[in-house]
Every structure is written in structure tokens, then in C-alpha cells.
Amino acid sequence: MRRLRPLLLLPLLALLPGCEAVVLSPAGDIAAQQRDLLVMSVVLMLIIVVPVMAMIVFFAWKYRESNKEARYEPDWDHSTHLELVIWAAPLLIIICLGAITWSGTHLLDPYRPLDRIHADKGLAAEVQPLQVNVVAMDWKWLFIYPEYGVATVNELAAPVDRPIRFHITSTGVMNSFYIPALAGQIYAMPGMETKLHAVINRPGEYVGFSANYSGDGFSNMRFAFHGLDQAGFDQWVAGVRAAGQGLDRETYLELEKPSEKVPVIHYASVDEGLFDAVLNMCVEPGKMCMGEMMAIDKKGGLGLTAVHATWPLVYDKYARRGDAVFGSGESYVMAVCTPLEAEKAAVDAARRRQELAVQLERSAPVARVTGAGLARPGQPMELAQERVPTAPSAVSAFAAASQS
């Protein structure tokens, strides 16, 4: 009976052909090239592995104890032909592997724009890639389509045979964006932007997920990827726009909070510049963007006074992972000025310059030119002051404008 137990596994082996090996049977050209690179590397390594495994079995059988005809040569110590085979074959394989890896690393660079749709079809010059902004959250995925002004959670779609350009970032911890049927994985990191170029060549329903552990809800951080024809994709976009709800900054801050097993959510509109704010970690109104902070640091910084330029923050993606740096309350570095404040400051400055020009024109223009109020050589100062006009002087006007 013990010998028959392995036979009980045969029904399970019969089910294995039903399992789809997505990595070896991808639906995208980039993933297909990566599959070819993987297969070629394995075949090259098997050139050494298979003969070695075969010789192990052969030597064990030939030099068994019962084989009295095997030659015993204890004085044999060198063979030029054997040394040549032992060292030359692995060296050639390493050279081939190095060449394949070097070329594949450059051709399959995720930042490199595509130059073909698949092996038999090149990329037309007028074709524009579909841009998708990806945000990895705790523990869900946000996809923003700038071209269409819509966004989705845990659902992604793209038309067949159209290049896709992903811009990827994260809100809190590092994650890994991976759709095995489309292309290789690429990391998503907070405050950084990674890119991935890919194309889907076959319609279907595929699975994407995070390939990097990121906490409690990691196992459910999965999403559906739909490969559709152009008509089907247009219909999908229309369905997303029919959702009715929009994704503004307040909605995003609520969505950003950690949550698990989040269902698919559609957003009919997206605030302009939301992804840039996520990337620069300044979605909260009034919070200084990372790009602004780096620009200030490049010019020397704000000095020690910047330590006091903090405002309370009701919710922040870092507050739940520890105490704030300054004090026990939650805080953030406030922005020096927002774009609206900068525009308002420019308008106010132009208005003050106009008012100053008017005041200068009204304050005795002849006296300004001739230098009234200055004593002539040999003349008492009292006589010079008597000739000063009663209108506000240019200095007074400038001082008043400066104080305003």
C-alpha cells in the first residue's frame, strides 16, 4: 500500500494543464520579450547543467563497487583536453549570457519608449501613448487617466495595440506594480516617480497586484486589468464618466487612509494637478510641496526660522507611523506661497507700482528734477525749506507704498 500512495497524486497532475502560466504565455509584447530572454537564459545554462547531471549518474553507475572492470588510475593528475572542456564551455556560456543580458537590459528598459507594437508590427510616428498615472496606496491602487479626466480604484483598462505609458508613485511605503501578462514589475516609491512603457496585444481579463510586501492588507492589494478593443475601451471610459462622483483633494485624502479589500470605484472627474501634488506629497492645502522645498534648499534654505513654520494637520500619511518631529502634535511645513497667493502678490505689487507712479507725478515734478529743498552754495537752509512744495514728497510716497 505504501508503494501505491504516490499513484494517488496522478489526478492532481492531470489538473496542472489547466493552470495558465502567465509569465510563459503573456499577452503583451514587452512581457513576451522578457519571456524569450528567460527561456534563452535557461537553455544556455542547461547546456552545462544537463551534461553534469548525466555524468553524475553515469560515474555512479560505472564506478560502483560491483563493477570490477572499471579502470582504477590513482596516479592520474592532469588532462589538458578535460581542463579545456571544463573551463572553455562555461566561459563561452557566460559570454553569451552577458551579451544577452546587456542587450536585453537596454532594449527592455522600462523607461524606454516603445518602438514597436509586436514583432511583426512597428509603431507609427503619429500614435500617441495612453498615459496612466498610478498611485500605490495602503492597500489599493489608484489609476488616473489625464487624457480622459477620469480615475478608478482597483480597475485598469487599456486598448489593444496602443502603447501605454505608466507614471508610478506611492503614498506611504514602497510597493511593486506588476501585471505579469503585460510587462515586468516596477517599484512604486513615495516622493519618487518611476515609469513603465508597455502594450497589450490580446484582449482579455488579466490580474495585476503588488509584488512587494507592504503591510497588513498586502495580500488583497490586487486589481483587474482589461485589455479591450478601441470601441470597448471608449465604452469603458463612458461608463466611468457616468459614475457621477469626482476625485478632489478632500476625497483623495479620505481615500488615502489605510483600508483593505476596497471594491472598484469610478471617478468621473479628477482635480487638475492632483497626481503632481501626490508625487510632491502636498495634497493637503497649504502644505509645502517637495519640489518647492528642494528649490529653497538649493538656494540656501530658509534658516532656523523654518523650524517654526509649521501648522497643525488633521491627518497626514506619516502621522500614523510615529510622532511628529516638532512637538507631540501632527504638523507639516507650510508653503511659502501657493500659486494663487503668488498671483495675488504680483497683482498687488503692480497696483502699488501704479499708485507710486501717480504720487510721484503729483508731487512737484519740477522740484524733483531741479532738486528743490537743497540749499544753494552760500544760501541758508531756512530759505531752501521755504521753497519746498506742500504736496507729499517722493520719499514719503515711496515709504507709504512700501508699508502697504
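Visitor: Lay out the pairing of strand β8 (residues 175-179) with the relevant residues and their values.
Guide: In terms of residue burial, β8 counts as a mostly covered element, since five of its five residues are buried. Of the two faces of β8, both are covered, the one formed by N175, F177 and I179 as well as the one formed by S176 and Y178. Pairing geometry for β8 and strand β9 (residues 183-188), over four bridges, is antiparallel. Opposite F177, over in β9, you have I186 as the bridge partner. Counting the residues that bridge the hairpin from β8 to β9 gives three residues. The pairing of β8 with strand β11 (residues 204-210) spans two bridges and is classified as antiparallel. Paired with Y178 across the two strands is F209, which belongs to β11.

Visitor: Explain the sheet that holds strand β14 (residues 265-267) to me, using residue names and the numbers behind them.
Guide: Read across the open sheet, the six strands follow the order β10-β7-β3-β4-β5-β14; overall the sheet is mixed. Edge strands, defined here as strands with exactly one partner in the open sheet, are β10 (194-198) and β14. For this sheet, the mean inter-axis angle between neighbouring strands, taken without regard to orientation, is 20°. Sheet topology note: the strand β7 (residues 164-170)/β10 ladder contains five bridges and is antiparallel. Bridge pairing links R165 to H197 in β10. With respect to the sheet, helix α5 (residues 249-256) is in contact with β3 (130-136), β4 (141-145), β5 (150-153) and β14, its orientation differing from that of β14 by roughly 165°.

Visitor: Can you tell me about the confidence of the model for the chain, naming the residues and giving the values?
Guide: When pLDDT is averaged along the chain, the result is 79, and 72% of the positions lie at 70 or above. Ranking the elements of the chain by mean pLDDT puts helix α11 (residues 394-403) last with 42 and β4 first with 97. Every residue in residues 15-19 is under pLDDT 50, and counting partners more than four places away or in other chains gives zero contacts. Below pLDDT 50 for its whole length, residues 312-330 participates in 34 contacts with residues either more than four positions away or in separate chains.

Visitor: Help me get a handle on the pattern of salt bridges, residues and values and all.
Guide: If you walk through the whole model with that rule in mind, you get five salt bridges. With a shortest N-O distance of 2.8 Å, D36 and R35 are connected by a salt bridge. Overall, D36 belongs to the partly exposed group, its relative accessible area being 39%. A salt bridge links E147 to R162; the nearest nitrogen and oxygen atoms lie 3.0 Å apart. With a gap of 15 residues between them, E147 in the loop between β4 and β5 and R162 in the loop between β6 (155-159) and β7 connect regions that are remote in the sequence.

Visitor: Account for α5, naming residues and giving values.
Guide: When we look at burial in α5, the residues that qualify are Y252, L253, L255 and E256. Buried residues of α5, viewed axially, fall in a sector of 160°; they line one side. Across from the buried face of α5, at angles greater than 90 degrees, the exposed residues are E250 and E254. For α5, the elements touching its buried residues are β3, β4, β5, β13 (246-247), β14 and α6 (274-279).

Visitor: So what's going on with the packing of aromatic side chains? Which residues, and what values?
Guide: Inspection of the entire model under this criterion finds 15 aromatic pairs. Taken together, a centroid distance of 6.2 Å and an interplanar angle of 35° make the contact between Y206 and F225 tilted. Here the residue Y206 occupies a position in strand β11, and F225 occupies one in strand β12 (residues 222-228), the gap between them amounting to 19 residues. For F225, a relative accessible area of 0% puts it in the buried group. Feature note: the residues W141, F143, F166, F177 and F223 constitute an aromatic cluster, connected by ring pairs.

Calculation criteria
Residues numbered from 1 in each chain as written. Predicted model: local features only at pLDDT ≥ 70, side-chain atom pairs only at ≥ 80, totals over all residues. Heavy atoms only, no water. Buried < 20%, exposed > 50% of the residue type's maximum accessible area, 1.4 Å probe, protein only. Helix = DSSP H or I, 4+ residues; strand = E, 2+ residues; numbered from the N terminus. Pairing = 2+ DSSP bridges. Axes fitted to C-alpha atoms, helices over the stretch in contact; angles between N-to-C directions. Contact = heavy atoms within 4.5 Å. pLDDT = per-residue confidence, 0-100. Salt bridge = Lys/Arg side-chain N within 4 Å of Asp/Glu carboxyl O. Arc of directions from axis to C-beta. Phe/Tyr/Trp six-rings, centres within 6.5 Å; stacked < 30°, edge-to-face > 60°.

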